[in-house]
Amino acid sequence: MSQFVVSARKYRPVTFDSVIGQQSITNTLKNAIRNNQLAQAFLFCGPRGVGKTTCARILARAVNLTNPDELDQVEMDEFNVVELDAASNNGVDDIRNLIDQVRIPPAAGKKYKTYVIDEVHMLSTAAFNAFLKTLEEPPPYAIFILATTEKHKILPTILSRCQVFDFQRIRIQDMVDHLAAIAQKEGIQAEPEALHIIAQKADGGLRDALSMFDQLCSFTNNQLTYQTVIDSLNVLDYDYYFKVTDAIAGEQIPQALLAFHHITEKGFDGQHFMIGLAEHFRNLMVCKDPITIGLMDVAENIKEKYLAQSKVLEISQLLKGLDMLQTADFHFKQSKNQKLLVELTLMKLCSLRYQEGEKKNDSLIIPPSHYRKNDIVPMPSPKAESTKPAASEPVTATAIPKADPVKTARPEINLKGKSALGLSIKSILSGDDNAEAKTEAQEELSNLPKTVITEGELIAAWAEYAEVVKKAEKDSFYTTMTAEKPTLREETEVHYKIYNLVQKRDFERETTELMDYLRKRLQNFHLKLHLEQVKTDEKVALYSDRAKLEALAEENPAIKILVSKLGLDVDF
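Residues numbered from 1 in each chain as written. Predicted model: local features only at pLDDT ≥ 70, side-chain atom pairs only at ≥ 80, totals over all residues. Heavy atoms only, no water.

### Some words on the nonpolar core
(1) Moving on: One finds Phe42, Phe44, Leu59, Ile198, Phe213 and Phe273 to be the most contacted residues of the largest nonpolar core, which totals 95 residues.
(2) Moving on: In terms of residue count, helix 11 (residues 238-249) provides more of this core than any other element does, eight residues in total.
(3) Moving on: For Phe273, the contacting residues outside a window of four places in its chain are Leu236, Tyr241, Val244, Phe260, Ile263, Val342 and Leu346.
(4) Moving on: Ranked by size, the runner-up nonpolar core spans 25 residues in total, among them Ala41, Val82, Ala127 and Ile154. (Core = buried A, V, L, I, M, F, W, Y, C linked by side-chain atoms within 4.5 Å. Buried < 20%, exposed > 50% of the residue type's maximum accessible area, 1.4 Å probe, protein only. Helix = DSSP H or I, 4+ residues; strand = E, 2+ residues; numbered from the N terminus. Contact = heavy atoms within 4.5 Å.)

### Let's talk about the sheet that holds strand 5 (residues 163-166)
(1) Moving on: Read across the open sheet, the five strands follow the order 2-3-4-1-5; overall the sheet is parallel. Only two strands of the sheet have a single partner each, and these edge strands are strand 2 (81-85) and strand 5. Averaged over all adjacent pairs, the angle separating strand axes in this sheet is 15°, with direction ignored.
(2) Moving on: For strand 1 (residues 41-45) and strand 4 (residues 142-148), the ladder comprises five bridges, and the chain directions are parallel. Paired with Ala41 across the two strands is Phe144, which belongs to strand 4.
(3) Moving on: Of the strands in this sheet, strand 2, strand 3 (113-118) and strand 4 touch helix 4 (residues 92-102), which is tilted by about 165° from strand 3. (Pairing = 2+ DSSP bridges. Axes fitted to C-alpha atoms, helices over the stretch in contact; angles between N-to-C directions.)

### Quick word on the pattern of salt bridges
(1) Moving on: Overall, the coordinates contain 18 salt bridges when judged by the stated rule.
(2) Moving on: The residue Lys133 makes a salt bridge to Glu137 at a minimum N-O spacing of 3.5 Å. Per residue, the accessibility class of Lys133 equals that of Glu137, and both read exposed. (Salt bridge = Lys/Arg side-chain N within 4 Å of Asp/Glu carboxyl O.)

### Considering the side chain of His280
(1) Moving on: With respect to the secondary-structure elements, His280 resides in helix 13 (residues 270-286).
(2) Moving on: By relative accessible area, which is 1% here, His280 ends up buried.
(3) Moving on: Among the polar contacts made by the side chain of His280, one reaches the side chain of Gln309 at a distance of 2.8 Å.
(4) Moving on: When sequence neighbours within four positions are dropped, the list of residues in contact with His280 reads Tyr241, Phe242, Thr245, Tyr306 and Gln309. (Polar contact = N/O pair within 3.5 Å; in protein donor to acceptor, adjacent residues only side chain to side chain.)

### So, unusual backbone geometry
Only a minority of non-glycine residues have a phi that is not negative, and only a minority of peptide bonds are not trans.
(1) Moving on: Positive phi outside glycine occurs at Asp203, with the angle close to 55°.
(2) Moving on: With respect to the helices and strands, Asp203 occurs in the loop between helix 8 (192-202) and helix 9 (206-220).
(3) Moving on: A positive phi angle, close to 55°, is found at Glu490, a residue other than glycine.
(4) Moving on: Take Glu490: it is sitting in the loop between strand 8 (487-489) and strand 9 (493-498).
(5) Moving on: For Glu490, a relative accessible area of 65% puts it in the exposed group.

### Looking at the environment of Leu65
(1) Moving on: Within the element layout of this structure, Leu65 appears in the loop between helix 3 (52-62) and strand 2.
(2) Moving on: A residue is classified by how much of its surface remains accessible, and Leu65, at 18% relative accessible area, is buried.
(3) Moving on: For the pair Leu65 and Lys111, spaced 46 residues apart in sequence, the C-alpha to C-alpha distance is 9.3 Å.

### Some details on the packing of helix 21 (residues 455-471) against helix 23 (residues 501-522)
(1) Moving on: Where helix 21 meets helix 23, the axes come as close as 10 Å, and the angle between the chain directions of the two elements is 125°. In terms of axis orientation, helix 21 runs oblique to helix 23. Read as a crossing pair, helix 21 and helix 23 show a hand that is right-handed. Only Phe507, Glu513, Leu514, Tyr517, Leu518, Arg521 and Leu522 of helix 23 make contact with helix 21, whose side of the interface consists of Glu457, Leu458, Ala461, Trp462, Glu464 and Tyr465.
(2) Moving on: In the contact of helix 21 with helix 23, the residues fall into nine nonpolar, no polar and four charged. (Parallel < 35°, antiparallel > 145°, perpendicular 65-115°, else oblique. Left-handed = near helix turned anticlockwise from the far one by under 90°. Nonpolar A, V, L, I, M, F, W, Y, C, P; charged D, E, K, R; others polar.)

### Here we look at the packing of aromatic side chains
(1) Moving on: In this structure the tally under the stated criterion is 14 aromatic pairs.
(2) Moving on: A centroid spacing of 4.9 Å and a plane angle of 45° characterise the contact between Tyr465 and Tyr517, whose relative ring orientation is tilted. Of this pair, Tyr465 sits in helix 21 while Tyr517 sits in helix 23, and the two are 52 residues apart along the sequence. The two residues Tyr465 and Tyr517 agree in class, both being buried.
(3) Moving on: Taking NZ or CZ as reference, Lys243 lies 5.9 Å from the ring centre of Tyr240, over its face. (Phe/Tyr/Trp six-rings, centres within 6.5 Å; stacked < 30°, edge-to-face > 60°. Lys NZ or Arg CZ within 6 Å of the ring centre and 35° of its normal.)

### Some points on the sheet that holds strand 10 (residues 528-533)
(1) Moving on: Strands sit in the order 8-9-10 across an open sheet of three strands; the sheet is mixed. Each having just a single partner strand, strand 8 and strand 10 make up the two edges of the open sheet. The sheet shows a mean angle of 35° between the axes of neighbouring strands, taken without regard to direction.
(2) Moving on: In this structure, strand 8 lies alongside strand 9, joined through three bridges in antiparallel fashion.

Dropping the structure here:
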């Protein structure tokens, strides 16, 4: 049984052409070798796992070749290549030993002797200073290759003596192609979506991707599927974000909260979920323009899902949603109830369109009654005979037939469940529409029934709808409707008294549904509601003793005379 070798070592590049994702750097080094323009010092810097040490070893082997493409037949020259780990050899004495070795020319008649110093940022300041002179003016046969992940820790005097090469993070697609090639060589069945997840989790580091690849192959018995990868790596699935976004687009707060509950049950952090949802919104914005779809590093079938869902939400809603998520992310760590913070953010996201319809009030959240389909009674046919029952007969939302010829006769304007007729009458009363639209609405209204009713019938229908409101758990509006009794004037004008702003706001939200019900119930589609604001003399609450004394003195002036003559101090 042969010894297992991890993929990061087994498939480590041995030539410049086999280096993944650093073509600009490898081409520069190859041309420098061919043209005999090698510098005395190189500095390779960049994130972990992007090929710094690999390129340093390849360069160390290639400097003594006239053709760097012949590297696959050349072994590492142990006499002319010296590697030093600066993490464990970071003192002045270690650098002095290195300087002593530099005085020895290359062996076996080679032209160059190369010194590779890994993790060079770990050298102490004294060691750096001791290294300066040799680095600036080394022997003609000495070449230094420094590698580091933290360029900012290198002294400027060192940087100025080196040719600096900045290694970039490896693109996801490059890592996916490399992993797919390894899987084919090893006889491993791997889905492209699974390799994409591994590449994304690696965050630009190919060594991390190869380590996860080996681990997952052992876990799945060489059967890499999308589901097993996300389960093993504890990655939040794309489907969750698509489901949450569908709930947001459909204004379905319960579905969004249930999806988040399932996510937390799987052990994911609320902040991690919000960051992922913000990234999801960003991808939806990218899909708005076909030119920018390539900016997403996801599989092709996932791109199609993003493209389809991007048509559901507008740019303005996505921008507003990103702003809400950023605000919630900022306050997440300071929040004492972090789960509630995420849930409130989801509620606001689901209410984006509802807020636009309510004078763009960002603090509004869709009420539970929004999801009750029986709150709005279907409109009966205007051509049918009047089927108005007696006042004593209760009318419920389910008692009215669902057929609605009016909806088939003309297009319906659906704004949060409000009927087209309600909007037409509202436009006539407010005068906001243009003349043509207003005239059309008036013609439609004139063709609808106008049954003569009595005030008693109006009060009975009003009470019936109040019971519907009560069953719908709209307690505030139920209290407002039952505080007074409506009055009927000039056959079509319904007058009702209100006493405060709370009652006025209740009617602003519910007037359309209320009047739709009354018009259908009484078969008079010309009814209009007029609210009468009644001014009340509110008594000021008396808290202090002086306020109580002044109130008593107004009723009995003799009390003030008594206080004055006796020299009484009320505040004592």
